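Coordinate analysis (summary)
The primary structure of each chain is shown beneath.
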Amino acid sequence: MFGLGEKNIGIDLGTANTIVYVDGKGIVLREPSVVAKSTKDGEVIAVGEEARAMVGRTPGSIQAVRPMKDGVIADYDTTVAMMKYFIEKALGHSSGKPYVMVCVPTGITAVEKRAVIDATRVAGARDAYVIEEPFAAAIGAGLPVMDPTGSMVVDIGGGTTDVATISLGGIVSSRSVRMAGDKLNDSIIGFVRQKYNLLIGERTAEQLKWDIGSASAKAAKDIEPVPVRGRDLVTGLPTTVEVSGVDVNAAIAESVAEIIDTVKETLEETSPEIAADVIDHGIVLTGGGALLKNLPEVIAEETQVPVTIAPDPLDCVAIGTGESLKSINVIKKKQ
């Protein structure tokens with residue numbers, strides 16, 4: 001199936017983070033999907049963790065960018081450079097080109113899918129294949145994807161939320177919305193700007209989301225406020241304000257409602273038999289967004305279906321993508 005001594009890899013190429021799984025080793029690399037480039041000649045200066053540390057702090061000669069947007073490639077050349085770096089770092093001094101399995105959101109076009117395959121080949125893959133994110137997440141979460149029983153997974157990443165019901169090795173119904181972690185951060189930035197005349201950065205917004213963010217308005221009332229530093233839009237000077245859990249909940253409420261609506265719409269499209277299976281087994285949340293406080297309870301309340309968070313929700317997609325390498329011959333025939 002593979003060449004002798006080759007290490008084939010699975011890549012969760014996320015909008016916010018990239019996770020690499022090496023066949024036989026498991027997850028070997030987890031870094032932000034960020035590239036720092038020279039604005040003069042476009043030369044890549046740093047990738048991953050090193051580049052993320054530069055976000056919002058670069059001089060005019062350096063630009064820190066995220067080449068993935070909403071789960072798809074927004075900057076082709078930079079994505080190739082980033083993937084080349086990650087593949088080489090994951091494999092070390094291993095000889096030979098690997099087969100690479102990359103996960104993609106369910107809602108992307110054939111052109112966007114082709115761009116991922118081409119970029120992976122140019123980055124150093126012998127050949128590249130794609131697997132849909134919710135299917136990979138279901139495999140990584142240990143759901144019985146090959147059985148004649150319905151499972152439902154909600155993968156909330158950085159750029160997209162993918163919802164799917166799965167049975168007999170395939171996706172039965174699915175929805176993908178470009179509403180996920182990044183949009184929640186943007187909503188927090190907008191809310192703090194509007195209410196407090198305070199300009200905060202993306203990293204500060206993300207920290208607020210994890211520290212005091214809650215999907216439940218009721219639970220948010222019990223969360224202690226935290227001091228937040230930023231730039232006062234009136235005076236232009238650095239300042240500190242107290243932001244509460246209620247503030248963050250109000251900021252993200254609309255986005256959370258959209259994710260819940262997507263779950264409901266996917267449930268409405270499923271057959272009665274699969275809907276019955278989902279009620280029995282519950283909905284499984286994966287991805288970084290699954291860690292938002294009180295999100296399982298809020299989704300369960302709205303859908304009347306039990307909701308659980310998968311073990312290692314951040315790694316489910318990467319693990320599933322890596323596990324699918326074992327069936328690469330089947331995927332080759334399909335693609």
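Given the structure is predicted, the values throughout are model-derived calculations rather than measurements.

Scoring rules and cut-offs
- Residues numbered from 1 in each chain as written.
- Predicted model: local features only at pLDDT ≥ 70, side-chain atom pairs only at ≥ 80, totals over all residues.
- Heavy atoms only, no water.
- 1 Å grid on protein atoms, 1.4 Å probe; cavity = no way out; pocket = protein on both sides within 12 Å on 5 of 7 lines; lining within 4 Å.
- Points joined across faces, edges and corners; volume = space filled by probe spheres on them.
- Helix = DSSP H or I, 4+ residues; strand = E, 2+ residues; numbered from the N terminus.
- Nonpolar A, V, L, I, M, F, W, Y, C, P; charged D, E, K, R; others polar.
- Pairing = 2+ DSSP bridges.
- Axes fitted to C-alpha atoms, helices over the stretch in contact; angles between N-to-C directions.
- Contact = heavy atoms within 4.5 Å.
- Domains from an automatic or database assignment.
- Core = buried A, V, L, I, M, F, W, Y, C linked by side-chain atoms within 4.5 Å.
- Buried < 20%, exposed > 50% of the residue type's maximum accessible area, 1.4 Å probe, protein only.

1. Side note on the layout of surface pockets
- Its volume calculated, the largest pocket comes out at about 840 Å³.
- Lining the largest pocket are 40 residues, with Thr15, Ala16, Asn17, Gly158 and Glu206 sitting closest to its centre.
- If you tally residues by element for the lining of the largest pocket, the top one is helix 6 (residues 202-212), at five residues.
- Partitioning the lining of the largest pocket into residue classes produces 13 nonpolar, 14 polar and 13 charged.

2. Side note on the sheet that holds strand 12 (residues 161-167)
- Strand order across the open sheet formed by five strands is 13-12-11-17-18, with mixed pairing between neighbours. Each edge of the sheet is formed by a strand with only one pairing partner; in this case those strands are strand 13 (170-177) and strand 18 (307-309). On average, adjacent strands in this sheet sit at an angle of 20° to one another, irrespective of strand direction.
- Sheet analysis places strand 11 (residues 151-156) next to strand 17 (residues 283-286), joined by four bridges and oriented parallel. Its bridge partner lying in strand 17, valine 154 is registered against leucine 285.
- Where helix 4 (residues 133-140) meets the sheet, it contacts strand 11, strand 12, strand 13 and strand 17, and its direction lies at approximately 65° from that of strand 12.
- The sheet contacts of helix 9 (residues 272-281) involve strand 11, strand 12, strand 13 and strand 17, and relative to strand 12 the element is tilted by about 110°.

3. Quick word on the domain arrangement of the protein
- Assigned domains within the protein: domain 1 (9-33 + 69-135 + 317-328), domain 2 (143-179 + 253-312) and domain 3 (181-252).
- Centre-to-centre, using C-alpha coordinates, domain 1 lies 33 Å away from domain 3.

4. A word on the nonpolar core
- Counting 40 residues, the largest nonpolar core has Ile188, Ile200 and Ile283 as its most contacted members.
- Among the secondary structure elements, those contributing two or more residues to this core are strand 11, helix 5 (181-196), helix 6, strand 16 (238-243), helix 8 (245-269), helix 9, strand 17 and helix 10 (295-303).
- Element by element, the count of residues in this core is highest for helix 8, at eight residues.
- Mapping this core onto the domain boundaries places at least three of its residues in each of domain 2 (143-179 + 253-312) and domain 3 (181-252).
- Contact partners of isoleucine 188, with chain neighbours within four places excluded, come to Ile200, Ala205, Leu208, Lys209, Val248, Ala251 and Ile252.

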